[in-house]
Structures are given as C-alpha cells and as structure tokens.
Amino acid sequence: MTGLSKHGRRFAALGLAAGLALTVTACGGDSQGAATQPGTIAIITVDPSNPYWKAEVDTAQSEVTKAGYKYTLSAHKNDPAQQNTMVETAINDKVAGVILDPAGAEESIAAVQKLVDAKIPVVLVNAEINKTGLATSQIVSNNAQGATLGAEAWASAMGYKGTYVELLGKPSDNNAQVRSDGYKGVLSQYPDLKKIGEEIGNWDRTEGQQKMEALLSKNPDVNGVIAGNDEMALGAINALKQAGKLAQVKVLGFDGNQDAVEAVKRGEMVASVLQPIVEGTTKAVAQLAETIKTGKSGASEEKQALDCTLVSKDVAPKVNNFVLAAG
C-alpha cells in the first residue's frame, strides 16, 4: 500500500458510516494490496452496523491515530474463514500490531497463533479465546457480573414471579453462554419465575424479532424476556409491539447501546447492562502500542475483565454512546 491519501481517508469514513462489513483502510489503496508502511495497526472487528461494534471501531480508530499509527479496518461478521483471510492480509501487510474482536473462542485460536508465529503482537477486545499465552492481552467485560446485575433488576421488576423466554447470542461466542449462565444463577433462586422457551438470536435485531414472534406464537401469555444483548432485546420489543403485548411483558437487554438506553427511558425495557466497550478498547490500543514499543503491555495479567453498570431508568439519562457520565 502507498501512504495515506485523501481518497483513502474518505473511503474509510464512508464505509464505516454506511455500516458496511467490508475491509476498508485508512492508509490508501486496496487492503489486499502491497504491504502497509511501518506503524500500521490492523483493526479487525465483527460488524460495524451493530452500534456496539461501531463504538468499538470508532474508539479504536481514534486511539490508534492518537498513538501515532495508521490503521486498516476489516469486519469478519463472526465468520472464522473471513477472519482468517483478514489475519493473513495483516501478516502480508507487515502490520505493527493487531486489535482483534475474535470470531469465536475456539475458532479464533489458530488465527491468533498465526499472528504470534509472524511475531505480530495482538490484543483481543470484547471477546476472548480459549487459550492463554498467545495474545498480548484479552480485555473483556465482566459478563458474569453484568448478567447478575441485570437479572436481579429484571427479577425485581417481574415481582419474582411469572413466565419468561430467553434470546441467546451466537453459540460460538463465550459471552453468550456466560451471560446466560449469569442470568440462570440469579433466576434459579426464584421458583415462581419459570422459563418456558428459548431461541438463538445471534446478537441480531431482525433475528431477535423473528425468534420472539415464534416464541409468542407458542407462548402468547408470556410475562418476560431476557436477552443476551440489546439488539435481540430491541427486536423482541418490536415483536411485542406488533402483537400489542409490550405493556404486559418485562424485557431485559445487555450492552447499553443508545437505542436500548432510550427504550429504558421510555419504559419499554426494564434495564440494559452497560458494557465498558469504550474503556476496554482504549485500554486495548494503549497496551498494544506499549507492546509494539517495549515488548510488554504493562498490564499485570493477560485476561482483564472490566465491570459492567446497570442502566436503569434513573441511570439512563447519564449514558451517551456507551459512556456513563461521571457523578
């Protein structure tokens, strides 16, 4: 690749604004072309059309630029094969380092190993892999703690009784199971809360709506919905509105994206759980930059979990694009 061009910067900005899950670059030219200049960090994310991952990308781009590096950007949409191609491109481009939101805890180990073998430091953000000693750092939200917060608030809103269904995230993502287990750990304490159905919504709003419609057809009198992320919860809300049942159903989300925050303000969602993705991505870039410079991240351990915050109706006005205002 050649140096940073005005055309390259415009293309990257337009591609992200449109939420395209295509490989784009901030250093000009085609991301499949010749090697980038030294000082380039590859940002490999999931899908910037999702507000959560867009916040991750926006933060990564800003922090990488502040640290004095150029960047490339690509999105694998949780497809390990696409991720593998993007990692190989980063290696061929001789990037200085990689920020990676991995496509599966087990599926991504080989991709991270390739970067290690190429002597390219990699920091994982948002999701982890089932192996330590490869990535420089793995920085994730404390999903178990966040799920406990959300489940307790939702159970209280339910009056600790009633029937409910669950929308699960992508099975290959450890976060999906950790959150589901966290919900179960709380809700199993209340025998009058009975789970009567579940569906996999793969973190997606449209799929969440479709799966909620299917669940409603079997359980028309359900009282509650717990969802592994906000997008699925918002899809469930759409389905409940269309069925004229939202007033009788309590919905819980997870992520703290702005659409969910607004839904909490309106009383359509009991609560969401704010993941500190801006903080986590900022730490990820700082630790990667330190590793590039010194060979060490400066962190005391590889796996780092950041606590989540409950977004209740009182807290919602203080949240703006995954950032909780101080005070």
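Provided above is the structure to which this section pertains.
One structure accompanies this document, and this report is about it. (Residues numbered from 1 in each chain as written. Predicted model: local features only at pLDDT ≥ 70, side-chain atom pairs only at ≥ 80, totals over all residues. Heavy atoms only, no water.)

### A look at the overall build of the protein chain
1) Next: In terms of regular secondary structure, the protein chain is built from 10 helices and 15 strands.
2) Next: The burial tally for the protein chain puts 53% of its 327 residues in the buried class.
3) Next: For the protein chain, the accessible area works out to roughly 13,500 Å², and carbon and sulfur atoms hold 51% of it. (Helix = DSSP H or I, 4+ residues; strand = E, 2+ residues; numbered from the N terminus. Buried < 20%, exposed > 50% of the residue type's maximum accessible area, 1.4 Å probe, protein only. Areas by Shrake-Rupley, 256 points an atom, 1.4 Å probe, with all protein chains shown as cover.)

### Concerning the layout of surface pockets
1) Next: Taken as a whole, the largest pocket spans an internal volume of roughly 250 Å³.
2) Next: Taken together, the elements giving at least two residues each to the lining of the largest pocket come down to helix H2 (51–66) and helix H7 (205–218).
3) Next: Broken down by class, the residue content of the lining of the largest pocket amounts to four nonpolar, four polar and seven charged. (1 Å grid on protein atoms, 1.4 Å probe; cavity = no way out; pocket = protein on both sides within 12 Å on 5 of 7 lines; lining within 4 Å. Points joined across faces, edges and corners; volume = space filled by probe spheres on them. Nonpolar A, V, L, I, M, F, W, Y, C, P; charged D, E, K, R; others polar.)

### Examining the environment of Arg 205
1) Next: Tracing the sequence through the fold places Arg 205 in helix H7.
2) Next: Linking Arg 205 and Ala 233, residues 28 residues apart in sequence, is a C-alpha distance of 7.4 Å.
3) Next: Not counting the four nearest positions on each side in its chain, Arg 205 is found in contact with Glu 231, Met 232, Leu 234, Gly 235, Asn 238 and Asp 259.
4) Next: Of note is the side chain of Arg 205, whose polar atom sits 2.9 Å from the side chain of Glu 231. (Contact = heavy atoms within 4.5 Å. Polar contact = N/O pair within 3.5 Å; in protein donor to acceptor, adjacent residues only side chain to side chain.)

### Some words on the side chain of Thr 291
1) Next: Along the chain, Thr 291 falls in helix H10 (residues 277–294).
2) Next: Here the side chain of Thr 291 touches Ser 297 through a polar contact of 3.4 Å, landing on its backbone nitrogen.

### Some thoughts on empty space enclosed by the protein
1) Next: As enumerated under the stated definition, the model contains three cavities of 30 Å³ or more in all.
2) Next: Each pocket or cavity is described by its volume, and for the second largest cavity that value is around 80 Å³.
3) Next: Surrounding the second largest cavity, Asn 50, Tyr 52, Trp 53, Asn 126, Asp 173, Asn 175, Arg 179, Trp 203, Asn 229, Asp 255 and Gln 275 form its lining.

### Here's the deal with the pattern of salt bridges
1) Next: In this structure the tally under the stated criterion is 13 salt bridges.
2) Next: Note that Lys 195 is salt-bridged to Glu 166, the shortest N-O span being 2.6 Å. Note that Lys 195 is positioned in strand S8 (residues 193–200) and Glu 166 in strand S7 (residues 162–168), a separation of 29 residues in sequence.
3) Next: Judged by its relative accessible area of 36%, Lys 195 is partly exposed.
4) Next: A salt bridge links Lys 265 to Glu 262; the nearest nitrogen and oxygen atoms lie 3.2 Å apart. With a gap of three residues between them, Lys 265 and Glu 262 both fall in helix H9 (residues 258–266), about one helical turn apart. (Salt bridge = Lys/Arg side-chain N within 4 Å of Asp/Glu carboxyl O.)

### Focus: helix H4 (residues 109–117)
1) Next: Taken residue by residue, H4 has Ile 109, Ala 111, Val 112 and Leu 115 as its buried positions. The buried residues of H4 occupy one face: seen down the axis, they fall within an arc of 165 degrees. Turned more than 90 degrees off the buried face of H4, the exposed positions are Ala 110 and Asp 117.
2) Next: Where H4 is buried, its residues touch helix H3 (80–92), strand S4 (97–100) and strand S5 (122–125). (Arc of directions from axis to C-beta.)

### Notes on helix H6 (residues 174–187)
1) Next: Between its terminal C-alpha atoms H6 stretches 20 Å, which fits the 20 Å expected from 14 residues at 1.5 Å a residue.
2) Next: Within H6, the full set of buried residues consists of Asn 175, Ala 176, Arg 179, Ser 180, Gly 182, Tyr 183, Val 186 and Leu 187. The buried residues of H6 occupy an angular sector of 155 degrees when projected down its axis, which confines them to one face.
3) Next: Looking at the packing, one finds that the buried side of H6 touches helix H5 (143–157), S7, S8, strand S9 (224–227) and strand S10 (250–252).
4) Next: With a side-chain oxygen lying 2.9 Å from the backbone nitrogen of Asn 175, the N-terminal cap of H6 falls on Asp 173. (Expected span 1.5 Å × (residues − 1).)

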